[in-house]
Amino acid sequence: MRNAFSKTGRNLAVAGLSALLFGATAALAAGPAIPEGTGITSWAENGEGGIYLLQLYEGGVAANQPPMIGEVLSDSNCSPDEDNINHCENEIRFEDGTTLKGINNHRMAVNRCLRRGEKVFVSHLEDGWVLVSTGAE
């Protein structure tokens with residue numbers, strides 16, 4: 001009887017550990033795939049040092065263009081998902097009047113949102129993605 005209980009206990013422990021590890025992996029993978037070469041391994045890191053990766057859904061910056069200065073017009077829809085990753089919608093207007101709209105996948109508890117009225121540098125990363133750097137004041 002003791003061996004049966006020990007085996008059941010071990011199976012429960014293994015199942016619990018597997019669920020814990022799977023949950024941690026899922027939290028790291030929340031949101032879209034992170035483009036290679038960005039230096040971040042999870043969306044919780046996005047925004048570290050004032051550098052944000054934005055997934056574009058409208059507008060952008062040309063690949064051969066130097067970083068452009070823009071002003072953050074909005075930061076909205078920041079409710080966290082089940083993995084506590086926020087998918088904030090940002091609109092940024094450039095000095096020439098053009099705008100871009102993107103999703104800032106990040107963990108607000110770790111790295112703040114982009115702020116309305118904040119001046120930022122925006123540069124092309126790859127199709128569908130830009131890098132946004134704070135501190136362009």
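The structure we're discussing is the one just above.
Let us look at the structure shown here. The model shown is predicted, which means the values in this text are computed figures rather than measured ones.

A look at the nonpolar core
Phase 1: Ranked by internal contacts, the top residues of the largest apolar core, which has 14 residues, are Leu-54, Ile-92, Leu-100, Val-122, Val-130 and Val-132.
Phase 2: Broken down by secondary-structure element, the contributors of at least two residues to this core are β1 (51–58), β2 (68–76), β3 (86–94), β5 (119–126) and β6 (129–134).
Phase 3: The element contributing the most residues to this core is β1, with three residues.
Phase 4: Val-132 has contacts with Gly-50, Ile-51, Tyr-52, Leu-54, Ile-92, Leu-114, Val-120, Phe-121 and Val-122, leaving out every residue within four places of it along the chain.
Phase 5: Ranked by size, the runner-up nonpolar core spans five residues in total, among them Ile-40, Trp-43, Leu-53 and Ile-85.

Examining the state of the cysteines
Phase 1: On inspection of all chains with the given rule, the structure shows one disulfide.
Phase 2: The disulfide partner of Cys-78 is Cys-88, and the gap between their sulfur atoms is 2.5 Å. For the disulfide bridge between Cys-78 and Cys-88, the dihedral angle about the S-S bond is near 140 degrees, and by the sign convention the bridge is right-handed. With a gap of ten residues between them, Cys-78 in the loop between β2 and β3 and Cys-88 in strand β3 connect regions that are remote in the sequence. The pair Cys-78 / Cys-88 is uniform in exposure class, with both members buried.
Phase 3: Just so you know, Cys-113 is unpaired, no disulfide at all, and the nearest cysteine sulfur is the one on Cys-88, 3.6 Å from it.
Phase 4: The class for Cys-113 is buried, based on a relative accessible area of 13%.

What counts and what doesn't
Residues numbered from 1 in each chain as written. Predicted model: local features only at pLDDT ≥ 70, side-chain atom pairs only at ≥ 80, totals over all residues. Heavy atoms only, no water. Core = buried A, V, L, I, M, F, W, Y, C linked by side-chain atoms within 4.5 Å. Buried < 20%, exposed > 50% of the residue type's maximum accessible area, 1.4 Å probe, protein only. Helix = DSSP H or I, 4+ residues; strand = E, 2+ residues; numbered from the N terminus. Contact = heavy atoms within 4.5 Å. Disulfide = S-S within 2.5 Å.

Geometry only, nothing functional implied.
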